[in-house]
Amino acid sequence: MPLPSTEASLAKQMNIYTNLLKIALEEPNVKSFITWGFTDNHSWVPGTFPGTGEALLYTKSMEPKLVYEKMLEVLRK
């Protein structure tokens, strides 16, 4: 995700994560849903792709993002 993040880019992130989670839940052969980390503080993305980051479910200060809450909503259904 290009930095700095915007409301639009965070909304896009939320849609991508929740849509992928919905697809995974609908497919009986999918047994897990894995992300490459949980906090932006320890992400490899900025070091590999300069100018990008904030791609995970928690902020650098360990606060859950809106995407985390939306994914929980999908799981609760």
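Each remark here, short or long, concerns the structure printed above.
Quick caveat, the model's predicted, so the values are computed rather than measured. (Residues numbered from 1 in each chain as written. Predicted model: local features only at pLDDT ≥ 70, side-chain atom pairs only at ≥ 80, totals over all residues. Heavy atoms only, no water.)

Asks: In this structure, what is going on with the overall build of the chain? I would like to understand it.
Replies: When helices and strands are counted, the chain shows 3 helices and 0 strands. Order of helices (α) and strands (β) in the chain, N terminus to C terminus: α-α-α. Dimensions of the chain, computed from C-alpha atoms along their principal axes, come out at roughly 35 × 25 × 20 Å. In the chain, once contacts between residues fewer than 6 apart in sequence are set aside, the share between residues at least 24 apart is 41%. Accessible surface, the chain: about 5,500 Å² in total, of which carbon and sulfur atoms supply 61%. Where the 8 positive side-chain charges of the chain centre and where its 8 negative ones centre are 3 Å apart. (Helix = DSSP H or I, 4+ residues; strand = E, 2+ residues; numbered from the N terminus. Contact = heavy atoms within 4.5 Å. Areas by Shrake-Rupley, 256 points an atom, 1.4 Å probe, with all protein chains shown as cover. Lys, Arg positive; Asp, Glu negative; His and termini not counted. Charge placed at Lys NZ, Arg CZ, Asp CG, Glu CD.)

Asks: Explain the pattern of salt bridges to me, please; I cannot follow it from the model alone.
Replies: Side chains that carry opposite charge are capable of pairing whenever their charged atoms lie near each other. A full pass over the atoms with the stated rule returns 2 salt bridges. In this structure, Asp-40 and Lys-65 form a salt bridge, with 2.7 Å as the shortest nitrogen-oxygen distance. In this pair, Asp-40 sits in the loop between helix H1 (7-26) and helix H2 (45-48) while Lys-65 sits in the loop between H2 and helix H3 (66-76), placing the two residues 25 residues apart along the sequence. Judged by relative accessible area, Lys-65 falls into the buried class, the value being 10%. (Salt bridge = Lys/Arg side-chain N within 4 Å of Asp/Glu carboxyl O. Buried < 20%, exposed > 50% of the residue type's maximum accessible area, 1.4 Å probe, protein only.)

Asks: Help me understand the packing of aromatic side chains in this model?
Replies: Under the defined criterion, the tally for this structure stands at 4 aromatic pairs. Here Phe-38 and Tyr-58 contribute two aromatic rings whose centre-to-centre distance is 6.0 Å and whose plane-to-plane angle is 85 degrees, an arrangement assigned as edge-to-face. Of this pair, Phe-38 sits in the loop between H1 and H2 while Tyr-58 sits in the loop between H2 and H3, and the two are 20 residues apart along the sequence. Geometrically, the ring pair formed by Trp-44 and Phe-49 is tilted, given 6.1 Å between the ring centres and 55 degrees between the ring planes. Residue classification places Trp-44 among the partly exposed positions, given a relative accessible area of 44%. (Phe/Tyr/Trp six-rings, centres within 6.5 Å; stacked < 30°, edge-to-face > 60°.)

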